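Letter by letter, the chains look like this.
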Amino acid sequence: MKSFVTGCVLVGFVVLVAAVSLVWLPYDPADTSGGRLAPPGGAHLLGTDKLGRDLLTQLMIGARIALAAGAGSVLLGGLLGVAAGLAAGFATRWLDDALAAVLDALIAFPTLLLAMLVVAVREASLGSAILAIGLAMSAVVARLTRVLVKRVLAQDYITAARTSGGSWPRIIAEHVLPNIWPTLMVNLALQLGLAVLAEASLSYLGLGPPPPNASWGRLLQEAQATVLTAPVGAIAPGLLLVVLVIGTNLVADGLRGLGGGRSR
């Protein structure tokens, strides 16, 4: 319970920052009147970046992008993964083996390379990052769902439900999904942190949202040349990234401790 509460507080802080950024920002994101690499002070609480933009403003926008990328990727990967896992769990043996092989190949496929392919087809944007990360995540979710579904289908109450005339859609809705959902929630919470890290990595390499979008990964990339003269520019986005990732992992651990990792 303690880790769950701590994780909720950490994630809640980032969510609060992102929510505030929707209605208020200290400065216009494109305002470069602050002076290049100004130190933290009254006018700019965290200083400015190498272009003269307010760093606090950029960090607040970055929180919004990080949460959007993480939530969007988890939603896409969860929907595709659960659907594919259910299909594999109910498939015939040869089709199940074929789907399992495809999932293993997708899991082994590097997310970064997949992102490059998506960007080549589309363009570097938040949507492209979500699509690439979500597709990579869906294979992990699908493999877990497949295992959980097969475990549930082997239970006696499933046989009883089928004997009593229950249809497969009803069995899925009433027995399969309720029993696999707690474990999936733990996994999706972990995947959220990984998705945030993946988006930051893509943005660091220039494959994420383009300027003037202030992704934390892009802020880290821009600050690496001035890390000794203006360390706040590199420390602040890195610290927020650590807070969000640790928070999601603590939430996942808390859910597991509360019984989220057990099926009936």
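Residues numbered from 1 in each chain as written. Predicted model: local features only at pLDDT ≥ 70, side-chain atom pairs only at ≥ 80, totals over all residues. Heavy atoms only, no water.

Undergrad: What exactly am I supposed to notice about the overall build of the protein chain here?
TA: The helix and strand tally for the protein chain stands at 9 helices and 0 strands. Its helices and strands in sequence order give the protein chain the pattern α-α-α-α-α-α-α-α-α, from N to C terminus. Referenced to the eigenvectors of the C-alpha coordinate spread, the extents of the protein chain come out at roughly 75 × 45 × 30 Å. Each of the 264 residues in the protein chain was classed as buried or not, and the buried ones make up 44%. Here the analysis covers contacts within the protein chain between residues at least 6 apart in sequence; of these, 71% occur between residues at least 24 apart. Of the roughly 12900 Å² of accessible surface on the protein chain, 70% is carried by carbon and sulfur atoms. Computing the positive centroid from 17 side-chain charges and the negative centroid from 13, the protein chain places the two 9 Å apart. (Helix = DSSP H or I, 4+ residues; strand = E, 2+ residues; numbered from the N terminus. Buried < 20%, exposed > 50% of the residue type's maximum accessible area, 1.4 Å probe, protein only. Contact = heavy atoms within 4.5 Å. Areas by Shrake-Rupley, 256 points an atom, 1.4 Å probe, with all protein chains shown as cover. Lys, Arg positive; Asp, Glu negative; His and termini not counted. Charge placed at Lys NZ, Arg CZ, Asp CG, Glu CD.)

Undergrad: Whenever I open this one, the side chain of E222 confuses me. Can you help?
TA: Among the secondary structure elements, E222 is positioned in helix α8 (residues 216–223). The buried category is assigned to E222, whose relative accessible area is 15%. Excluding its chain neighbours within four sequence positions, the residues that come into contact with E222 are K50 and R53.

Undergrad: Would you take a moment to explain the packing of aromatic side chains for this structure?
TA: Each aromatic ring pair is described using two quantities: the centre-to-centre distance and the angle formed by the ring planes. Taken as a whole and judged by the stated rule, the model has 1 aromatic pair. Residues F90 and W168 carry aromatic rings whose centres are separated by 5.0 Å and whose planes lie at 75° to one another, so their mutual orientation is edge-to-face. Placement of F90 in helix α2 (residues 55–90) and of W168 in helix α7 (residues 168–204) is noted, with a sequence separation of 78 residues between them. Classification of W168 by relative accessible area gives partly exposed; the value is 34%. (Phe/Tyr/Trp six-rings, centres within 6.5 Å; stacked < 30°, edge-to-face > 60°.)

Undergrad: How should I be thinking about the nonpolar core in this particular structure?
TA: Core analysis: the largest hydrophobic core is formed by 27 residues, its most contacted members being I133, M137, V141, V176, I180, L184 and L202. Those elements giving two or more residues to this core turn out to be α2, α4 (111–121), α5 (126–153), α6 (156–163) and α7. With 9 residues, the top contributor of residues to this core is α5. When neighbours within four sequence positions are excluded, V141 is seen to be in contact with G77, G78, G81, V82, L184, N187 and L188. (Core = buried A, V, L, I, M, F, W, Y, C linked by side-chain atoms within 4.5 Å.)

Undergrad: I keep staring at empty space enclosed by the protein and nothing clicks. Help me out?
TA: With a probe scaled to a water molecule rolled over the atoms, the places where space remains empty come into view. One pass over the full model with this rule turns up 1 cavity of 30 Å³ or more. The calculated volume of the largest cavity comes to roughly 90 Å³. Every residue along the wall of the largest cavity is listed here: L37, T48, D49, K50, L55, L219, E222, A223, T226, A230 and G233. No other element matches the 3 residues that α8 contributes to the lining of the largest cavity. Looking at the lining of the largest cavity residue by residue, the classes come out as 5 nonpolar, 3 polar and 3 charged. (1 Å grid on protein atoms, 1.4 Å probe; cavity = no way out; pocket = protein on both sides within 12 Å on 5 of 7 lines; lining within 4 Å. Points joined across faces, edges and corners; volume = space filled by probe spheres on them. Nonpolar A, V, L, I, M, F, W, Y, C, P; charged D, E, K, R; others polar.)

Undergrad: How should I be thinking about the pattern of salt bridges in this particular structure?
TA: Charged atoms that come close allow side chains of opposite charge to pair. A complete count under the given rule lists 7 salt bridges for this structure. Among the ionic pairs, E222 bridges to R53, the shortest N-O distance being 3.0 Å. One end of the pair, E222, is in helix α8; the other, R53, is in the loop between α1 (2–23) and α2, with 169 residues separating them in the sequence. Here the two residues E222 and R53 agree in accessibility, since each one is buried. Residue R256 pairs with D253 through a salt bridge whose shortest N-O separation is 2.9 Å. On the criterion of helical spacing, the pair formed by R256 and D253 is a turn pair, its members being 3 residues apart in helix α9 (residues 232–260). Residue class for D253 comes out partly exposed when judged on its relative accessible area of 35%. (Salt bridge = Lys/Arg side-chain N within 4 Å of Asp/Glu carboxyl O.)

Undergrad: I tried to follow the confidence of the model for the protein chain on my own but got confused; where do I start?
TA: Put simply, the protein chain has an average pLDDT of 90, and 98% of its residues get 70 or more. Looking over the protein chain, one finds the lowest element-wise mean pLDDT in α4, namely 81, and the highest in α1, namely 95. (pLDDT = per-residue confidence, 0-100.)

Undergrad: Honestly, α1 in this entry has me stumped. Any pointers?
TA: One turn of the α-helix equals 3.6 residues, which is why residues spaced by three or four share an orientation. Between its first and last C-alpha, α1 extends 32 Å over 22 residues, near the 32 Å set by a 1.5 Å rise per residue. When we look at burial in α1, the residues that qualify are G7, V11, V14, A18 and S21. Projected down its long axis, α1 shows its buried positions confined to an angular sector of 60°, all on one face. Looking at α1, the residues exposed on the side facing more than 90 degrees away from the buried face are K2, V9, L16 and V23. (Expected span 1.5 Å × (residues − 1). Arc of directions from axis to C-beta.)

Undergrad: What should I look at first to understand the side chain of S73 in this one?
TA: Along the polypeptide, S73 turns up in helix α2. In this view, S73 contacts G78, I130, I133, G134, M137 and A195; residues no more than four positions away in its chain are not counted.

Undergrad: Help me understand the packing of α5 against α7, please; the structure alone is not making it clear to me.
TA: Packed helices, taken two at a time, are described by the angle their axes make and the gap between the axes. Two elements in contact, α5 and α7, have axes separated by 8 Å at closest approach and are oriented at 145°. The hand of the α5/α7 crossing is right-handed. A breakdown of the residues in the contact of α5 with α7 according to their chemical character gives 18 nonpolar, 6 polar and 1 charged. (Axes fitted to C-alpha atoms, helices over the stretch in contact; angles between N-to-C directions. Left-handed = near helix turned anticlockwise from the far one by under 90°.)

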